[in-house]
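# Report on the structure
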Amino acid sequence: MTTLIDTPKPAPPPARPRTSAGIEKWRRRVPLLPALIFTIAVTQLPFVATLAISTFQWNILQPGERHFTGLSNYAFVFTDERLRAAVLNTIVLTASVVLISVLLGLGLALLLDRRFAGRGLARTLLIAPFLVMPVASALLWKHAIYNPDYGLLNGTLNAVYRFFGAANGPTVDWVSSFPMPAVVLSLVWQWTPFMMLILLAGLQAQPHDVLEAAGVDGATPLETFRFITLPHLRRYIELGILLGTIYVVQTFDAVFTITQGGPGSETTNLPYEIYLTMFRKYEYGEAAAAGVVVVIGSIIIATFALRTIASLFREEASR
Amino acid sequence: MSDQGATGTVIQRFRARRHPADHGKELRLSPMWTFVAWLATLAFFAPVAWMALTSFHQEADAATNPPSLLAPLTLDQYSLLLGRDVTPFLINSATASIVSTLLVLLLAVPTAYALSIKPVEKWTDVMFFFLSTKFLPAIAALLPVYLIVKDIGMLDNVWTLVVLYTAMNLPIAVWLMRSFLAEVPREILEAGEVDGARLPTVLLRVVAPVAMPGIAATSLICFIFSWNEFMFAVNLTATRASTAPVFLVGFITNEGLFLARLCAAAMLVSLPVLIAGFAAQDKLVRGLSLGAVK
């Protein structure tokens, strides 16, 4: 996968006497080898195994029936309705979480780029959602916030209704009525601080004199943002979107915890569907094929991600 | 020790370059926008604050509607949790996270050295190979890993998690450590070499002081990711090796739900990461973006 993009050429090694060149090369390589071998063993071998398993008809409930079946698992992956629904859910979930959290993160980053009273504290409080253990935050949303009887949402609604003299607010079962938005909201809450941090880093890297010059030239704040800040931030926004996509596509904790993929399969995304295929249907071959398809999808996203990161690399090298 | 003096000046110049003194030029937020900023901040923090508050309540006070803000506070939920069931899970989490973080450092520091200070040929290719492993969704590896682990009898074993978490965090650590080591100015290294300092001396005297904050930040980030990991933990462990996130799964069902106890448990397992994250927030962003952004 290293050939996905053109990587910047490394600087030519300094000229050395011919005899010691080989030794020097190996002396440079040795510190690298343990990590490289370990990574290949633990990450690449399982993938090769997944490829192999994906060509087998293999259900653990029928032990005698394991046999080679060619690409039929892939045919199943692309025609199965549940899986197609899972692909669609994955796209909806990932796209909405990433886009909303990038927009909110951008707004917050713009605010936190300026000095104001208690900025340090505000920043610390803002990153808390990202630090809370994902399973814990999923449970928190499911029970402490969405719960129809004693959740914070309905509780607040009740309080508002009573304040205006009504008896009680409506009792909404948020997770059952709006399963996908419920999952999306909890993930947006979790990922906005991540986007905010990346974009804030981008804003702080912006040279102040350019902004000042724009002010002197009579640019309005909106113009300054549109023509100076936004182009400068583009790379950081791209990076945020791409990293966010790579992480959010893999969402498992929130779906597993908040909705268990339901109601029906309305919130079943690909990782959760693969999990079900593996540990509920015990169809190992199908699960492996679906896994390979996810990997191919991720590689497509990753290609774009690598381009973005490589351009940041070039920037660093040219400094 | 003439090289010490020379090296010292270079370090000073290097530090000055890293922290340009233009903080005074930062623009101020107007009062109205300050209000908006704080409103947004509090909106995002509210669920966490709510979790903290509820965790100090009795169950009866936690499950009222509308919620009772002024109910008496108590530590009962925490003593209940720590007294009985959560401790083994916390110990497993700590073992898996700390040991894997140490292993990651052991592997990543030499690697980063070989990729930045004395780079091997095609070092960018190696970097992108490490990164590409992060793009493989973990779910695609779960099946073969599960089968292999089952075959060698390592299911429900905390050392299985140690190995997996090490592999999971190693690419991040390599990228981060490289970006920190790349900041060690060449002048210092060359000055050291010209003065005839041997490699261990250069590493210990020159590289280590500059890289130490980076090593600390890398450790924290690896610790956070391992501590929070759920999918491998829930599928590869059963009773003996389960970690804190798996403990929380017991709270999924609605029947017999104890909200205050759930909040206390959620607080308890999130606390180490919250503290670590608050302590290293400026380094966090670099870790999360794999060192690509500073």
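Residues numbered from 1 in each chain as written. Chains lettered and ligands numbered in written order. Predicted model: local features only at pLDDT ≥ 70, side-chain atom pairs only at ≥ 80, totals over all residues. Heavy atoms only, no water.

What follows deals with the overall build of chain B. Counting its secondary structure elements, chain B contains 14 helices and zero strands. Secondary structure of chain B in N-to-C order comes out as α-α-α-α-α-α-α-α-α-α-α-α-α-α. Every one of the 294 residues in chain B was classed for burial, and the buried ones make up 55%. Accessible area for chain B stands at about 12,600 Å²; split by element, carbon and sulfur atoms hold 68% of it. (Helix = DSSP H or I, 4+ residues; strand = E, 2+ residues; numbered from the N terminus. Buried < 20%, exposed > 50% of the residue type's maximum accessible area, 1.4 Å probe, protein only. Areas by Shrake-Rupley, 256 points an atom, 1.4 Å probe, with all protein chains shown as cover.)

For the rest of this paragraph, the subject is the overall build of chain A. Looking only at helices and strands, chain A features 14 helices and two strands. Its C-alpha atoms give chain A a radius of gyration of 25 Å, clearly above 20 Å, the size a compact globule of 319 residues would have. Taking the principal axes of its C-alpha atoms as reference, chain A extends roughly 90 × 75 × 30 Å. Looking at chain A as a whole, 51% of its 319 residues qualify as buried. Contacts in chain A between residues far apart in sequence, at least 24 positions, make up 69% of those at least 6 positions apart. (Rg over C-alpha atoms; globule rule 2.2 N^0.38 Å. Contact = heavy atoms within 4.5 Å.)

Moving on, we come to the environment of P179 of chain A. Residue and element names in this part refer to chain A. Counting through the fold element by element, P179 comes out in helix α9 (residues 179-204). Overall, the relative accessible area of 5% leaves P179 in the buried class. Taking the C-alpha atoms as reference points, P179 and T156, separated by 23 residues in sequence, lie 20 Å from one another.

A few words now on the pattern of salt bridges. Tallied over the full model, the rule gives five salt bridges over all chains. With its nearest N and O atoms 3.3 Å apart, the salt bridge here joins K281 of chain A to E286 of chain A. On the basis of relative accessibility, which here comes to 37%, the residue K281 of chain A falls in the partly exposed class. When the shortest N-O distance is used, the salt bridge between D156 of chain B and R240 of chain B registers 4.0 Å. Of this pair, D156 of chain B sits in the loop between α7 (138-151) and α8 (158-181) while R240 of chain B sits in the loop between α11 (231-236) and α12 (244-249); the two residues are 84 residues apart in sequence, bridging distant segments of the chain. With a relative accessible area of 9%, D156 of chain B lands in the buried category. (Salt bridge = Lys/Arg side-chain N within 4 Å of Asp/Glu carboxyl O.)

On the surface, a cluster of nonpolar side chains totalling about 530 Å² of accessible area is made up of M32, W33, F35, V36 and L39 of chain B. As for its placement among the helices and strands, W33 of chain B is situated in helix α2 (residues 31-55). (Patch = residues over 30% accessible without salt bridge, like charges linked within 9 Å, V, L, I, M, F, W, Y side chains within 5 Å.)

Let us look at the interface of chain B and chain A. Contacts between the two partners involve 107 residues from chain B, matched on the other side by 111 residues from chain A. Area buried by chain B at its contact with chain A is led by F44, F128 and F135 of chain B, which between them contribute 8% of it. Counting across the chain B and chain A interface gives zero salt bridges. Where chain B touches chain A, the interface holds seven residue pairs in polar contact (both at pLDDT 80 or more). Taken together, the residues that form the side of chain B that touches chain A break down as 76 nonpolar, 18 polar and 13 charged. (Buried area = accessible area lost by both parts, 1.4 Å probe. Polar contact = N/O pair within 3.5 Å; in protein donor to acceptor, adjacent residues only side chain to side chain. Nonpolar A, V, L, I, M, F, W, Y, C, P; charged D, E, K, R; others polar.)

Here the focus is the packing of helix α4 (residues 81-113) of chain A against helix α5 (residues 119-131) of chain A. Residue and element names in this part refer to chain A. α5 packs onto α4 with a crossing angle of 155 degrees between their chain directions and a minimal axis gap of 10 Å. It follows that α4 is roughly antiparallel to α5 by the angle criterion. For the pair α4 and α5, the sense of crossing is left-handed. Across the interface between the two elements, L108, L112 and D113 of α4 pack against R119, A122, R123 and L126 of α5. Along the lines of polarity and charge, the residues of the contact of α4 with α5 split into four nonpolar, no polar and three charged. (Axes fitted to C-alpha atoms, helices over the stretch in contact; angles between N-to-C directions. Parallel < 35°, antiparallel > 145°, perpendicular 65-115°, else oblique. Left-handed = near helix turned anticlockwise from the far one by under 90°.)

The next subject is the packing of aromatic side chains. For the structure shown, the criterion picks out 28 aromatic pairs over all chains. Considering the side-chain rings of W141 of chain A and Y146 of chain A, the 5.5 Å spacing of their centres and the 50 degrees angle between planes classify their relative orientation as tilted. The exposure class assigned to W141 of chain A is buried, which follows from its relative accessible area of 6%. Aromatic side chains F163 of chain A and F164 of chain A sit 5.3 Å apart centroid to centroid with 85 degrees between the ring planes, which places their arrangement in the edge-to-face category. Of the two residues examined, F163 of chain A and F164 of chain A, each falls in the exposed class. Taken together, the ring pairs in this structure connect F252, F256, Y272, Y275 and F279 of chain A together with Y146 and F230 of chain B into an aromatic cluster. (Phe/Tyr/Trp six-rings, centres within 6.5 Å; stacked < 30°, edge-to-face > 60°.)

The end-to-end C-alpha separation of helix α5 (residues 87-116) of chain B is 42 Å, in line with the 44 Å expected for 30 residues at 1.5 Å each. Maximum bend of α5 of chain B: about 25 degrees, positioned at A108 of chain B, with proline P110 of chain B one to four residues after it. (Expected span 1.5 Å × (residues − 1). Bend = angle between axes of the 7 residues up to and from the residue.)

The subject of this paragraph is the UniProt feature "transmembrane region" (unreviewed entry) in chain B. Residue and element names in this part refer to chain B. In the numbering adopted here, UniProt assigns the feature "transmembrane region" (unreviewed entry) to residues 32-53, 89-115, 127-149, 161-182, 202-225, 232-252 and 258-280. Overall, residues 161-182 shows 95% helix and 0% strand. The separation of its end C-alpha atoms is 31 Å. For residues 258-280, the helix share is 91%, the strand share is 0%, and the end-to-end C-alpha distance is 33 Å. (UniProt positions renumbered as here; feature names shortened; annotations may be inferred.)

Attention now goes to the confidence of the model for chain A. Low pLDDT means the predicted atomic positions in that stretch should not be read closely. Residue and element names in this part refer to chain A. Residues at a pLDDT of 70 or more form 92% of chain A, whose mean pLDDT is 84. Confidence, expressed as mean pLDDT per element, reaches its minimum in chain A at helix α1 (residues 18-29) with 76 and its maximum at α4 with 93. When the criterion is pLDDT under 50, residues 1-7 qualifies, and its contacts beyond four places in sequence or with other chains add up to 17 contacts. (pLDDT = per-residue confidence, 0-100.)

All right, on to the UniProt feature "domain: ABC transmembrane type-1" (unreviewed entry) in chain A then. The sites that UniProt annotates as "domain: ABC transmembrane type-1" (unreviewed entry) are residues 87-305 of chain A. Annotation note: span residues 87-305 of chain A, helix share 78%, strand share 0%, distance between end C-alpha atoms 21 Å.

Moving on: the UniProt feature "transmembrane region" (unreviewed entry) in chain A. Residue and element names in this part refer to chain A. The feature "transmembrane region" (unreviewed entry), as given by UniProt, occupies residues 32-53, 86-112, 124-141, 182-203, 236-258 and 287-310 in the numbering adopted here. Helix and strand shares over residues 86-112 are 100% and 0% respectively, and the end C-alpha atoms of the span are 37 Å apart. Each end of residues 236-258 is marked by a C-alpha atom, and these two atoms are 31 Å apart; helix forms 87% of the span and strand 0%.

Attention now moves to the nonpolar core. In this structure, F256 of chain A together with L248 of chain B are the most contacted members of the largest nonpolar core, which totals 173 residues. A per-element tally of this core places α9 of chain A first, with 17 residues. Filtering out sequence-adjacent residues up to four positions away, F256 of chain A remains in contact with Y272 and Y275 of chain A together with F230, V234, V249 and I252 of chain B. Judged by nonpolar contacts, the second largest core, of 13 residues, contains Y113, L181, L189 and V207 of chain B. (Core = buried A, V, L, I, M, F, W, Y, C linked by side-chain atoms within 4.5 Å.)

Residue and element names in this part refer to chain B. With 87% of its residues at a pLDDT of 70 or more, chain B shows a mean pLDDT of 82. When mean pLDDT is taken per element in chain B, α2 scores highest with 93 and helix α1 (residues 2-18) scores lowest with 48. For the stretch residues 1-7, pLDDT sits under 50, and the model shows four contacts to residues farther than four places along the chain or on other chains. Taken together, the stretch residues 14-23 has pLDDT below 50 and engages in six contacts with residues farther than four places along the chain or on a different chain.

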